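# Summary of the model geometry
Residue strings, one per chain:
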Amino acid sequence: AQKVTQAQTEISVVEKEDVTLDCVYETRDTTYYLFWYKQPPSGELVFLIRRNSFDEQNEISGRYSWNFQKSTSSFNFTITASQVVDSAVYFCALSELYNFNKFYFGSGTKLNVKP
Amino acid sequence: EPEVTQTPSHQVTQMGQEVILRCVPISNHLYFYWYRQILGQKVEFLVSFYNNEISEKSEIFDDQFSVERPDGSNFTLKIRSTKLEDSAMYFCASAGGFFNQPQHFGDGTRLSIL
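Thresholds applied
- Residues numbered from 1 in each chain as written.
- Chains lettered and ligands numbered in written order.
- Predicted model: local features only at pLDDT ≥ 70, side-chain atom pairs only at ≥ 80, totals over all residues.
- Heavy atoms only, no water.
- Helix = DSSP H or I, 4+ residues; strand = E, 2+ residues; numbered from the N terminus.
- Buried < 20%, exposed > 50% of the residue type's maximum accessible area, 1.4 Å probe, protein only.
- Contact = heavy atoms within 4.5 Å.
- Areas by Shrake-Rupley, 256 points an atom, 1.4 Å probe, with all protein chains shown as cover.
- Polar contact = N/O pair within 3.5 Å; in protein donor to acceptor, adjacent residues only side chain to side chain.

All right, on to the overall build of chain B then. From N to C terminus, chain B includes zero helices and 11 strands. C-alpha extents for chain B along the principal axes are approximately 40 × 25 × 25 Å. Within the span of chain B, comprising 114 residues, buried residues form 49% of the whole. Contacts in chain B between residues far apart in sequence, at least 24 positions, make up 54% of those at least 6 positions apart. Of the roughly 5,600 Å² that chain B leaves accessible, carbon and sulfur atoms contribute 45%.

Set out below in structure tokens:
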């Protein structure tokens with residue numbers, strides 16, 4: 001079974017539109033971390049956010065915001081007023097306490113922002 | 001901010017050859033990892049390493065693979081007798097302690113097997 005599901009394979013938006021990337025996770029642990037990473041065409045993984053399982057506060061960082069809902073096991077990522085530079089593949093990931101911090105990555109969502 | 005560094009950034013190797021991918025984790029980190037990403041696919045866990053031994057490995061990490069921390073600073077992934085399907089991006093990561101810090105990823109080594 002998939003531990004992290006990103007159902008949206010690819011999304012295309014026009015610049016300045018808002019876009020939400022969905023992430024649903026599965027774990028039996030009560031203590032875990034959730035992450036979002038951005039992977040631009042150059043290939044590196046750029047850390048965006050970490051959220052632990054005890055902190056359900058939503059977070060906003062500039063144009064980025066994250067909505068963590070334990071009740072639905074979701075950790076969605078919204079980009080407000082998207083820009084062409086936001087074009088990348090975005091990965092959601094789960095790390096469980098009793099798994100030596102091993103990451104489970106989703107399959108990624110490719111975001112295309114057109115001018 | 002300290003970084004995980006990986007060398008080389010791109011490695012091209014003939015099928016059947018051995019390849020060593022190198023990583024320098026963040027200096028005070030204790031946990032080390034290798035992940036693999038085949039082009040266009042998700043990032044997959046290969047192996048975790050703690051206290052000079054493998055703590056966990058995936059089914060991908062078979063006898064063809066080995067890891068080593070030879071000198072207290074480098075963390076290497078060796079792939080013996082490479083196959084075409086080993087072509088992928090390989091990411092190294094390190095973590096400072098047990099569940100108290102996020103993993104820091106290197107920029108990856110793109111391995112191309114010809």
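Residues Thr7(B) and Pro8(B) are joined by a peptide bond in cis, for which omega reads -10 degrees. Tracing the sequence through the fold places Pro8(B) in the loop between strand E1 (5-7) and strand E2 (10-13). For Ser73(A), which is not a glycine, the phi torsion comes out positive at approximately 50 degrees. Its place among the elements puts Ser73(A) in the loop between strand E8 (64-69) and strand E9 (74-79). Relative accessible area serves as the criterion here: at 24%, Ser73(A) is assigned to the partly exposed category. In the Ramachandran plot, Ala81(A) falls in the positive-phi region, its phi being about 50 degrees despite a non-glycine side chain.

Moving on to the environment of His10(B). All names here are of chain B. Looking at where His10 falls in the secondary structure, it is placed in strand E2. The exposure class of His10 is partly exposed, given its relative accessible area of 44%. With 47 residues separating them along the chain, His10 and Lys57 place their C-alpha atoms 24 Å apart. For His10, the residues in contact, after removing those within four places along its chain, are Arg110 and Ser112. Here Ser112 takes part through its side chain, which lies 3.0 Å from a polar atom of the side chain of His10.

Remember that the coordinates give geometry; whether it matters functionally is a separate question.
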